Each structure stands twice: as C-alpha cells, then as structure tokens.
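Spelled out, the chains give:
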Amino acid sequence: MTTDRAHSLKQLRRMLLVRRFEEKCAEVYQQQKIRGFLHLYIGEEAVAVGALAALRDDDAVVTTYREHGHALVRGISPDAVMAEMYGRATGCARGRGGSMHLFGAAQRFFGGYAIVGGGLPIAVGLALAEQMQATKRLVACFFGDGATEEGEYHESLNLASLWRLPVLFLCENNFYAMGTALARHAAVPDLCAIPRAHGIVSESVDGMDVVAVERAARAAADAIRETGKPRFLELQTYRFRAHSMYDADRYRDKAEIAEWKKRDPIELFVARLKAASVATDEDVAAIEREVSGEVERAALAADAAPLEPISDLERDVLAKVVP
Amino acid sequence: MTRTTYREGIRTALRTALHDDPRVFLMGEDVGKYGGAYACSLGLLEDFGPERVRDTPLCESTFVGAGIGAALGGMRPIVEIMTVNFSLLALDQIVNNAATLRHMSAGQFAVPLVVRMATGAGRQLAAQHSHSLENWYAHVPGIKVLASGTVQDAHDFVLEALADPDPVIVFEHQYLYAMEGELELGPARASPWRASVRRAGADLSVITYGGSLPKALAAAEALEAEGIRAEVVDLRSLRPLDDETILASVRKTHRALIVDEGWRTGSLSGELATRIMEGAFYDLDGPIARVCSAEVPIPYAKHLEDEALPRVETIVARAKELVARRG
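Keep in mind the model is a prediction, meaning the values are calculated, not measured.

Colleague: Before we go on, may I ask you to explain the overall build of chain A in this structure?
Modeller: Counting secondary structure elements, chain A contains 12 helices and eight strands. The C-alpha atoms of chain A give a radius of gyration of 19 Å, which matches the 20 Å a tight globule of 323 residues would have. Projecting the C-alpha coordinates of chain A onto the three principal axes gives extents of approximately 65 × 50 × 40 Å. For chain A, the proportion of its 323 residues judged to be buried stands at 59%. Restricting the contact set of chain A to residue pairs at least 6 apart, pairs at least 24 apart contribute 75%. Approximately 12800 Å² of chain A is accessible, and the part contributed by carbon and sulfur atoms is 52%. Each charge sign in chain A was given a centre, from 40 positive and 46 negative side chains, and these centres are 2 Å apart.

This is the structure in structure tokens:
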C-alpha cells in the first residue's frame, strides 16, 4: 500500500490533520476557549486513520469520547468539529455535545459515547438493522481496553456472534483504563481471548503502523461482508498525552512514555514513505502547511462563530412535542 | 367492540404492528418460543418468524441498546423487558442514550423505540419483581412514558408508542394482564398523551394511573353509595403530564386525592401534588392527600403485600376524611 502514492499521502495528511487539530485544541484549552473534558488521541492516530480507510462511505461508525480523530477522518469538517468544541451554533451538534459527543448523520457517524462500553450495544443494534434490511453495510465500533471489563462488552460480543451481525469491533488498546494499567484491570491481558471465546475471529495488530491497521481492517471488513459475521481487531497503541486535561498522569512511567514515543505513528510512516521514495521532505512540508492552515482557520472561525440562542435551549429534546 | 383481556389487547396490537409495518420487530427475553413471560406475544413467533420475533439472551442492557441502535438504523423495534425491576439493568441505555441522542446530536438522530415492560405488585412476587418505578422514567427529558389501566389503552398504547418518533416507555401493570374489558379496533383512538376523566364527580378528584385505576374506580363506586361523588382522573401519560385535565378536575371538585402505587418519597404523587399547588392552590378546599405504597420493599406474604399496596378501602377512607374536612 505504501506504493500507492496518492493514498499514502492522503493517509499521512489525515494523521497530520488529527495531530495538529488536537495540538491546537490543547493550546486553546489553556486559553479557556474550550472547557469541560478534552480527551486527546495524540499517539493513537494510526488506528482511526488506518481502520476508517477500510470502510465504505455508507458504513456506520460508533465511537467513544476520544473521537475527534475519528470524526475528522470520517469527513466531518475541522470547522464543524472545532466549533463544537467551542460550544458554538456552527458546531456539528450546535454546542449540545461538545468534545465527547460528536455526530454526523451525513457521514453515518453515530456519535461519541462517554459511558464506557455504552456504544457497543448501539453498534450491535445498527448492525441488526443492516442485517434485517439486507444491506451489505457494516458497523465499525471503536472502544478502548478499559471497556473490555464492562458487562455490555461481553453481552455485545455474544449477541453479535449469536446473531451473526456485521460489526467490526475495534479495540484501541492503549494499555490504560484511564489511570489503571491493563495488567491491573484485565485478568486475561490477551484481549483477543474473550472475543475468540465468543466465536469471533480476532487478531492483534500493531496500532502504531497505519499500513498494518488498514490491511487488517480491510481483511476484516471483507470477511464481514462476505460472511455477515463480526470480527474483532485489537490495535495496540499508546496515548502520548494524559487521559484528559485534568489528568496529572501520575500512574505512568516517564520511561515508558518515552519508549512509546519512539514509535510515533506519524514519524514511522513518514520514515517509511521516504525510505520507499514515495514521499519527499517537500511533500511532507507541503501537507504540514496545508493542514496547519486548515486548523488555524477552523479555530479562527470557531472563535468568531455565533452562540446558539438561549431561546433554543429546549430544542431537539423530542422530535414531537405532545399533546 | 369486543370483550377481551388486557393481555389479549396487547397481543392484538403487537400483531397489528407486525402485520402493518415490515420495519417493526419484537425483541426480548422469551418473547418467542415461550410466548412472553406474560404471554403477550404467544403465537407471534409462529406467525411472523424468528427474524421479527426475536428471543434474546439475558442481557437487558445490550438488547435495549440494540433496540436503540436498530431504531437509529431505520427499524421500528418493540423491546419487551420482563419487569421494571429488570429494566434497571438497562437504565444506562435508556437514560444515557435513548433519551439523549436526539439532543446531543442537535436533531440529527432520532430514536423511534418502544420499550414495553410490566410493573407493579399484587402477585406475591416479592421485592425484585413487584416495584413501581414508573417515576424513575417519568423524571427524564427525552423520553415519553405511558401507563395503561384499561384494556383499550393496553392495546392502543403499543400502536401509539410505535407511531411516535421519540423513545416511548410503555408500562403494563402485571396484575391487569387477566383483566377483562371492552376493546374497540380501528383508527379513532383518543390521544394517549391526554389524561382521561374515567368517572365524573363533584366532591373530589381521585388522580391515578395504571394498576391503581381499577382500585380507584371501585373506591368511587363505594363512595357513591355513601353519597360522595368522586371524579376519577386516569393520567395515562406520565411524561408529559396533562396538567390541563388534572387542574380542570381539581378546580371543579376543589379536593385532590392522588393514588400512586409508587413509594411516596420522591414520587410521581409528589410531582402531581406540587403541580396542583402551583396551578390550583386557591381552588383547593383542603390539603392534597395521597395513597401510596408503604415504604418497604414489597414483601412476599400475601397479607403483608396487601397491606403494603394502595387498597380500595384505604382510598375510600382517605376520600371520606378529605370530604369531611370543610375548607
């Protein structure tokens, strides 16, 4: 896949967009332009970028509260995502959702879910709707290693397997359930063991390698479309930043963080593209300029965007107000 | 107009729903082969097949969440939860997802989901199958809540909930499944979102819903024999509440007695009393009275269970006290 120059540069561009976008978010958070929780994906970009490249436009996506990257890669504009973080009327949920609850009907992006594990049953139900309507669409469901001890995780794997539903379970294993390390929260740290026990073909993938992620996701997606049955991928990755902006990151070893940063997914991919003569320093610099401009413009636009009128506070609670 | 049971009314509505709309399907524990814990779906698996009448594993949170997902994906699921006590396992999905998705997505997504469940006591099923937690759901913006106390409403609420674009929780009282009543089929149904004056009266308003409705009507009958004319108001919709009908009745009778099988503390009866105070305080001739369940997990033994629940005699006694008190 590294030989496909256009696709490779597109993937690099997506990873850089997510990285620069989130760096900007952290910056404006310090200026108090964004408030509430802000969970950065920095370090994990290869997972969303690799996996989402394997989907078709009409497949559905269900994610977690660490979903800025997924929303951007799926095609919700940086302007709409940034404005949502700023709580503005031009945001993708008009300031109702914020960082943790991004939505895009046009992109079939069914949202960021902030109750850990809570999105999994939704994904199973979306897949049931696809099955009952006899489409060939699938549902990509992202969640972290922390979700794998929730009851809904086990229930959802069982139901998806039992009913042969087209769900691509994508476990973003960043080795921490907020501040609790995998070895301290999972009795069986092999995260493929439980889905396998439910009869789901499962594979562990290097989540820092965008090419490996895409390759595995494509194979899984093809298999789902062919058999109708769910698949599970564990994507081993690492978040370079703290859990949220409130987190002092006392529970991780500095050396461990430094070790993972040596495998920065963007640097790895750039090095690989250059080594294969697919991209030059100039190509990378050009993408950097483009992406940075896009992010700066999104932040400026969000800053200038109008607030949702107070009179609309109770709008969209119900589709139909009765009696 | 035919005479049938509450259970049969529900089954008729489910059959109609499955027949009329290919997007409709039924899902829940033992709704298929077993025929439903309360036999509401008996025979439907045979008629509509396992794709549309789906037995689920025992995983309330996930099959309710799957209902939400299927509704998002264009289907019209009717999810059955055996009892309101079990529904607590799905509370996360109902409160955090079904009720919020429309608002959080600024109207991009709707959840046209129906969740049916049995509620209430009276069958000696003890403290994990007998509670009345309708108020927990009626508290939450983003969902609608119906509770049927007649055969007609048991039937109609299934279809009305299905026709509504929002998530609707439909409560069926487990003591009423065998109750007989009149059922009229056809399109002309009263709006489920309006309360109904089931019996007109001038001396006091007895405001109630669901399983307490037959008790309130029996009490009104007994009171009539003693010369007290009780008006019985059936709420039907617990969210939203039909303030207009409730307040109109209280303004007419000047006395309010609320009968609610939920516990009194933090209850729907408390909400109703407050709304009456806010909207009709100067029309009242005396304090608002309440008959609720005793503040105890519902016990198994019959004499204890009976004592814990609103009873016809208690309603009669409280009504007489209220009327005797001259404002």
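Colleague: Whenever I open this one, the overall build of chain B confuses me. Can you help?
Modeller: The helix and strand inventory of chain B stands at 13 helices and 14 strands. Its C-alpha atoms give chain B a radius of gyration of 20 Å, near enough to 20 Å, the size a compact globule of 327 residues would have. For chain B, the spread of C-alpha atoms along the principal axes amounts to about 60 × 45 × 40 Å. Across the 327 residues of chain B, 60% fall into the buried class. Per element, the accessible surface of chain B, about 12100 Å² overall, is 54% carbon and sulfur. Each charge class in chain B can be summarised by its mean position, and for the 33 positive and 43 negative side chains these summaries are 2 Å apart.

Colleague: Can you walk me through the nonpolar core in this structure?
Modeller: A general tendency of soluble globular proteins is for nonpolar side chains to be buried together. If you look at the biggest cluster of nonpolar residues, it comprises 85 residues, and the most contacted ones within it are Phe169(A), Leu72(B) and Ile276(B). No other element matches the nine residues that helix α5 (residues 119-132) of chain A contributes to this core. With near-sequence residues (within four places) excluded, Ile276(B) lies in contact with Ile207(B), Ile246(B), Leu247(B), Val250(B), Ala256(B), Ile258(B), Phe281(B), Leu284(B) and Ile288(B). In this structure, Val73(A), Ala80(A), Val205(A) and Ile266(A) belong to the second largest nonpolar core, which totals 74 residues.

Colleague: Please explain the pairing of strand β4 (residues 76-83) of chain B as it appears in this structure.
Modeller: For a regular strand, side-chain orientation follows a simple rule: the groups alternate between the two sheet faces. All names here are of chain B. With respect to burial, β4 is a largely interior element, eight of its eight residues being buried. Pairing of strand β2 (residues 24-28) with β4 involves five bridges; the strand directions are parallel. Looking at β4, one finds that Gly 28 is bridged to Glu 80. Relative to strand β5 (residues 114-119), β4 is paired through five bridges, and the arrangement is parallel. Within the sheet, the bridge partner assigned to Glu 80 lies in β5 and is Arg 116.

Colleague: Would you mind going over the packing of helix α1 (residues 5-30) of chain A against helix α9 (residues 210-227) of chain A with me for this structure?
Modeller: Angle between the axes and distance between the axes: these two values describe a pair of packed helices. Residues and elements named next belong to chain A. Where α1 contacts α9, the axes come no closer than 11 Å and their chain directions differ by 110 degrees. Between α1 and α9, the angle falls in the class roughly perpendicular. The residues of α9 that touch α1, namely those facing His 7, Gln 11 and Met 15, are Val 210, Glu 214 and Arg 218. Grouping the amino acids of the contact of α1 with α9 by side-chain chemistry returns two nonpolar, two polar and two charged.

Colleague: Just to check I follow, could you spell out the sheet that holds β5(B) for this structure?
Modeller: Working definition: the strands of a sheet are paired by backbone hydrogen bonds and lie parallel or antiparallel to each other. Residue and element names in this part refer to chain B. Strand order in the open sheet formed by seven strands is β3-β2-β4-β5-β7-β6-β12, and the pairing between neighbours is mixed. Looking at strand neighbours, the two that pair on one side only are β3 (53-55) and β12 (237-239), the edges of this open sheet. Strand-to-strand twist across the sheet, computed as the mean angle between neighbouring axes with direction ignored, equals 20 degrees.

Colleague: Before we go on, may I ask you to explain the pairing of strand β2 (residues 109-113) of chain A in this structure?
Modeller: Residues and elements named next belong to chain A. In terms of burial, β2 is largely enclosed, as five of its five residues are buried. Strand direction decides the pairing type here: strand β1 (residues 60-64) and β2, joined by three bridges, are parallel. Looking at the pairing, Thr 64 lines up with Tyr 113 of β2.

Colleague: How should the packing of aromatic side chains be read in this particular structure?
Modeller: For any pair of aromatic rings, the description consists of the separation of the ring centres together with the inter-plane angle of the planes. In total, this model carries 14 aromatic pairs over all chains according to the counting rule given. When the centroid spacing of 5.7 Å and the interplanar angle of 45 degrees are considered together, the rings of Phe175(A) and Trp260(A) count as tilted. Pair noted here: Phe175(A) is in the loop between β4 (167-173) and β5 (176-177) and Trp260(A) is in helix α10 (residues 254-261), with a separation of 85 residues, a long-range link. An angle of 20 degrees between the planes, with centres 4.7 Å apart, marks the rings of Tyr38(B) and Tyr177(B) as stacked. Here Tyr38(B), found in the loop between β2 and α2 (44-48), pairs with Tyr177(B), found in the loop between β7 (168-173) and β8 (180-183); they are 139 residues apart in sequence, far enough to count as distant. What makes Tyr177(B) buried here is its relative accessible area of 2%.

Colleague: Could you clarify how one ought to interpret the interface of chain A and chain B in this entry?
Modeller: For interface size, the figure often reported is the accessible area lost on association. Across the contact, 40 residues belong to chain A and 43 residues belong to chain B. Summed over both partners, the interface of chain A with chain B comes to about 3500 Å²; 67% of that surface belongs to carbon and sulfur atoms. At the junction of chain A with chain B, the criterion picks out zero salt bridges. The tally of links from chain A across to chain B stands at 16 residue pairs in polar contact (both at pLDDT 80 or more).

Colleague: Looking at this model, I keep getting lost on the side chain of Glu130(A). Mind explaining?
Modeller: With respect to the helices and strands, the residue Glu130(A) is situated in helix α5. Ignoring any residue separated from it by four or fewer positions in sequence, one finds Glu130(A) in contact with Arg108(A), Thr135(A), Arg137(A), Val139(A) and Pro166(A).

Colleague: What is the right way to read helix α10 (residues 243-253) of chain B from this model?
Modeller: In an α-helix, one turn spans 3.6 residues, which is why side chains three or four residues apart end up on the same side. Residues and elements named next belong to chain B. Taken as a whole, α10 has its buried residues at Thr 245, Ile 246, Leu 247, Ser 249, Val 250 and Thr 253. Looking at the packing, one finds that the buried side of α10 touches β9 (196-199), β10 (204-208), β11 (230-234), β13 (256-263) and α11 (268-280). After α10 finishes, the residue His 254 shows a positive phi value of roughly 70 degrees.

Colleague: Sorry, what's going on with the packing of helix α2 (residues 45-52) of chain A against α9(A) here?
Modeller: Residue and element names in this part refer to chain A. Across the interface, α2 lies against α9 with an axial gap of 7 Å and an inter-helix angle of 40 degrees. For the element pair α2 and α9, the recorded crossing hand is right-handed. Here α2 contributes Ala 46, Val 47, Val 49, Gly 50 and Ala 51 to the contact with α9, which in turn contributes Val 210, Val 213, Glu 214 and Ala 217.

Colleague: Is there a simple way to explain the sheet that holds β2(A) in this structure?
Modeller: All names here are of chain A. The sheet built from six strands is open, its strands ordered β2-β1-β3-β4-β8-β7 with parallel pairing. Both outer strands of the open sheet, β2 and β7 (201-206), are each paired with one neighbouring strand and no more. If you compare each strand with its neighbour and ignore which way they point, the axes differ by 15 degrees on average. α9 rests against β4, β7 and β8 (231-236) of the sheet, and its axis sits at about 170 degrees to β8.

Colleague: I would appreciate a short explanation of the side chain of Glu152(A) in the present structure.
Modeller: Within the element layout of this structure, Glu152(A) appears in helix α6 (residues 151-162). The side chain of Glu152(A) is buried and forms no salt bridge, while Arg66(A), the nearest opposite charge, is found at 17 Å. Within polar-contact distance, the side chain of Glu152(A) engages the side chain of Gln93(B) at 2.9 Å.

Each value, and the rule that gives it
- Each chain carries its own residue numbering, running from 1 in the written order of its sequence.
- Note on labels: chains are lettered from A, ligands numbered from 1, in written order.
- Totals for whole chains, interfaces and linings use all residues, but because this is a predicted model, local features are given only for residues with pLDDT of at least 70 and pairs of side-chain atoms are given and counted only at 80 or more.
- To get the side-chain values, all heavy atoms of the structure are used, and hydrogens and water are removed first.
- By definition, any uninterrupted DSSP run of H or I lasting at least four residues is a helix, any uninterrupted run of E lasting at least two residues is a strand, and each is numbered from the N terminus.
- Note on method: radius of gyration uses C-alpha positions; expected globular size equals 2.2 Å times residues raised to 0.38.
- Only protein chains enter the accessibility calculation, which uses a 1.4 Å probe; a residue is then buried when its area is under 20% of its type maximum, exposed when over 50%, and partly exposed in between.
- Working rule for contacts: check all heavy atoms of both residues, and any pair within 4.5 Å makes them a contact.
- Areas reported here follow the Shrake-Rupley algorithm with a probe of radius 1.4 Å; residue values treat only the protein chains shown as occluding.
- Just so you know, the count uses Lys and Arg for positive and Asp and Glu for negative, and it drops His and the chain ends.
- To locate a charge, take NZ of a lysine, CZ of an arginine, CG of an aspartate or CD of a glutamate.
- Residue types Ala, Val, Leu, Ile, Met, Phe, Trp, Tyr and Cys, when buried and joined through side-chain atoms within 4.5 Å, form a set referred to as a nonpolar core.
- Two strands are counted as paired when DSSP detects at least two bridges linking them.
- For helices, the axis comes from a line fit to the C-alpha atoms of the stretch in contact; other axes are also lines fit to C-alpha atoms, and the angle between any two N-to-C directions lies between 0 and 180 degrees.
- When describing relative orientation, an angle under 35 degrees is termed roughly parallel and one over 145 degrees roughly antiparallel, while 65 to 115 degrees is termed roughly perpendicular and anything else oblique.
- Throughout this entry, Asp, Glu, Lys and Arg are counted as charged residues, while Ala, Val, Leu, Ile, Met, Phe, Trp, Tyr, Cys and Pro are counted as nonpolar. The remaining residues, Gly among them, count as polar.
- Side-chain rings of Phe, Tyr and Trp, where Trp is taken by its six-membered ring, are said to pair if the distance between their centres is within 6.5 Å; with planes under 30 degrees apart they count as stacked, over 60 as edge-to-face, and otherwise as tilted.
- By buried area we mean the combined loss of accessible area, with a 1.4 Å probe, across both parts when two parts are placed together.
- Only one rule defines a salt bridge in this text: a Lys or Arg side-chain nitrogen within 4 Å of an Asp or Glu carboxyl oxygen.
- Under the rule applied, a polar contact is a pair of N or O atoms within 3.5 Å (in protein, one hydrogen donor and one hydrogen acceptor; residues adjacent in sequence only if both atoms are side-chain atoms).
- Note on convention: the crossing is left-handed when the near helix lies turned anticlockwise from the far helix by less than a right angle, right-handed when the turn is clockwise.

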